[in-house]
Amino acid sequence: MLRLVASGPGPDAAMRLEGVALRRGGRRVLDGLDLAVPSGGITAIMGPNGAGKSLALRVMAGLVRPDEGAAIPGEGLSGPRDIALVFQKPVLLRRSVRANLRHALALYGVPRRARRDRLGELLDFGRLAAIADSPARALSGGEQQRVAMVRALAARPRLLLLDEPTASLDPQATAAIEALIADTAAAGTAVVLVTHDRGQAGRLADHVCFLHKGALAESAPAGPFLLAPKSPEAQAYFAGRLLL
Amino acid sequence: MQGFGDAFAAAFGLIARLDADLVEIVGLSLQVSLTATLLACAIGFPLGAVLAVGRFPGRGALTVLVNALMGLPPVVVGLVVYLMLSRAGPLGALGLLYTPAAMIAAQTLLVVPIVAALTRQIVADLDAEYHETLRSMGAGAGARMRTLLWDGRLALTTAGLAGMGRALAEVGAVMIVGGNIDHVTRVMTTAIALETSRGELALALGLGMVLMVLSLALNALAMGARMGAARMAHA
Ligand SMILES: Nc1ncnc2c1ncn2[C@@H]1O[C@H](COP(=O)(O)OP(=O)(O)O)[C@@H](O)[C@H]1O
Ligand SMILES: [Mg+2]
């Protein structure tokens, strides 16, 4: 699992944000954000509430066009098939788990003949076989998050963006999601993981980007960063002192 | 003129022994209004979805128009369809005036705005919830509308039931284009109007009771569908 990443991700980035600025409610909520996501492994994005983490993910997913700067996908990546996003509060369709996944496979343009096999793989991967025919929205929070993640993986994206996927889950459900994330990265998909959980970043991330006030405050390999961040913003955040 | 008690007793009698005239009239009513409702749904569901999701010039005006047409008086719809189908009208050659087909056409026209307006609201509400998710999955307008219509299916049933209720209960449109011809175009509402004016209260009352039971049943179904839709939303 462990993967060494040069501290400044090189030209083989899965995604690069260059000078991204975004105005919301009269404020520059993203303010010249530069950030590179390596084409493999897990990159954690950390930072206080309101730092712009969720908006940064939306920009990467192409859902929001920045007012300035650009989101530049890596070589050969384009569109929702390659870059998948799981929202912090995923919305599942009013259908069974199986039908949710089938819907995604159709939307992503997976050929009809390949869908059945892929569906089986996805159900296995997410350990969802036992609840495949349950109405998706009746499931527990952890199960719904698993369905949302597996749905995002339906078309084998090269980059998976996860917005606080375990924010409201109990330890057991969190462990299940973390296992899925690790498996996904091990299978070669680059993962961006927004998290407030230092332990989780330590367990999963290869690299951490720390955002503050819409800009990158620090970008470093996870080990050293979590042990002793260098930027005053990250230091203050971990000491419980940083407010926006 | 009979007393009320006698009329009620006679009306119950007609229903209890499934009087042939009564059954024929109820049957034609159901056939005409159900067909019109199905046609109106076939038009109104996609139209409502397009109004909710589409982005094109004139969408606002069209939405206002559809909402306004929801309150269209049935006699006016009847008049319009009459002008179209009358011998001198543009569709006069079809010879449809005073046939069940003309009644179906008029009721369809009457119900389409109801189904479309309710559908627009239902789909727009659902779209507010699904929009970002579907966009993140790369859904185009067509796929979005199909997804929203399917996931709103139970709520949309209530739109269809509301339309059916309106079709069954209206008199003006079927009277004008159907002509209330015995054994041909006589439906519940036109029969009630005629029988009452002739002082034949038994058949009028019997049909009235059937109409009320049908209306109650439609409302009960709509309530069930609404509850089911709520369950589907976050159960
Ligand atoms: N549509 C909006 N209108 C006004 N302000 C917004 C809007 N969307 C986001 N913001 C603001 O932008 C900032 C960054 O938001 P977000 O990316 O969600 O932060 P977080 O790092 O907590 O995920 C926050 O201060 C938020 O209030
Ligand atoms: Mg957020």
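To be clear, the structure that these remarks concern was listed above.
Residues numbered from 1 in each chain as written. Chains lettered and ligands numbered in written order. Predicted model: local features only at pLDDT ≥ 70, side-chain atom pairs only at ≥ 80, totals over all residues. Heavy atoms only, no water.

K.L.:
What exactly am I supposed to notice about the packing of aromatic side chains here?
P.N.:
Residue and element names in this part refer to chain A. Applying the stated criterion to the full structure yields five aromatic pairs over all chains. Residues F210 and F225 carry aromatic rings whose centres are separated by 6.2 Å and whose planes lie at 40° to one another, so their mutual orientation is tilted. In this pair, F210 is assigned in strand β8 (residues 207–212) and F225 in helix α8 (residues 222–227), connecting sequence segments 15 residues apart. By relative accessible area, which is 0% here, F210 ends up buried. Under the relative-accessibility criterion, F225 is labelled buried at 1%. Taking 6.4 Å as the distance between ring centres and 55° as the angle between the ring planes, the aromatic pair formed by F210 and F238 counts as tilted. Residue F210 is located in strand β8, and its partner F238 is located in helix α9 (residues 232–238); the two are separated by 28 residues in the primary sequence. As far as burial versus exposure is concerned, F210 and F238 are alike and both buried. Among the aromatic side chains, those forming a connected cluster through ring pairs are F210, F225, Y237 and F238. The ring centre of F238 lies 3.9 Å from the NZ or CZ of R198, which sits over that ring. (Phe/Tyr/Trp six-rings, centres within 6.5 Å; stacked < 30°, edge-to-face > 60°. Helix = DSSP H or I, 4+ residues; strand = E, 2+ residues; numbered from the N terminus. Buried < 20%, exposed > 50% of the residue type's maximum accessible area, 1.4 Å probe, protein only. Lys NZ or Arg CZ within 6 Å of the ring centre and 35° of its normal.)

K.L.:
Just to check I follow, could you spell out the packing of helix α2 (residues 20–53) of chain B against helix α3 (residues 59–69) of chain B for this structure?
P.N.:
Describing two packed helices takes the angle between their axes plus the distance from one axis to the other. All names here are of chain B. Two elements in contact, α2 and α3, have axes separated by 10 Å at closest approach and are oriented at 135°. Taken together, the axis directions place α2 and α3 in an arrangement best described as oblique. Helix-helix and strand crossings are classified by hand; for α2 and α3 the assignment is left-handed. Touching V50, L51 and A52 of α2 are R59, L62, T63 and V66, all from α3. Grouping the amino acids of the contact of α2 with α3 by side-chain chemistry returns five nonpolar, one polar and one charged. (Axes fitted to C-alpha atoms, helices over the stretch in contact; angles between N-to-C directions. Parallel < 35°, antiparallel > 145°, perpendicular 65-115°, else oblique. Left-handed = near helix turned anticlockwise from the far one by under 90°. Contact = heavy atoms within 4.5 Å. Nonpolar A, V, L, I, M, F, W, Y, C, P; charged D, E, K, R; others polar.)

K.L.:
How should the side chain of E195 of chain B be read in this particular structure?
P.N.:
Residues and elements named next belong to chain B. When you line up the elements, E195 lands in helix α9 (residues 188–197). Judged by its relative accessible area of 5%, E195 falls in the buried class. Non-local contacts of E195, meaning those with residues more than four positions away in its chain, are made with R186, E200, L203 and A204.

K.L.:
Quick question: what am I supposed to make of the pairing of strand β5 (residues 83–86) of chain A here?
P.N.:
Two faces belong to every sheet, and in a regular strand the side chains alternate between them. Residues and elements named next belong to chain A. Side-chain alternation along β5 places I83 and L85 on one buried face and A84 and V86 on a second face that is also buried. Alignment of β5 against strand β6 (residues 159–163), held across four bridges, turns out to be parallel. Each bridged residue has a counterpart across the sheet, and for L85 the counterpart in β6 is L161. (Pairing = 2+ DSSP bridges.)

Scope: geometric values only; no functional claims are made or implied.
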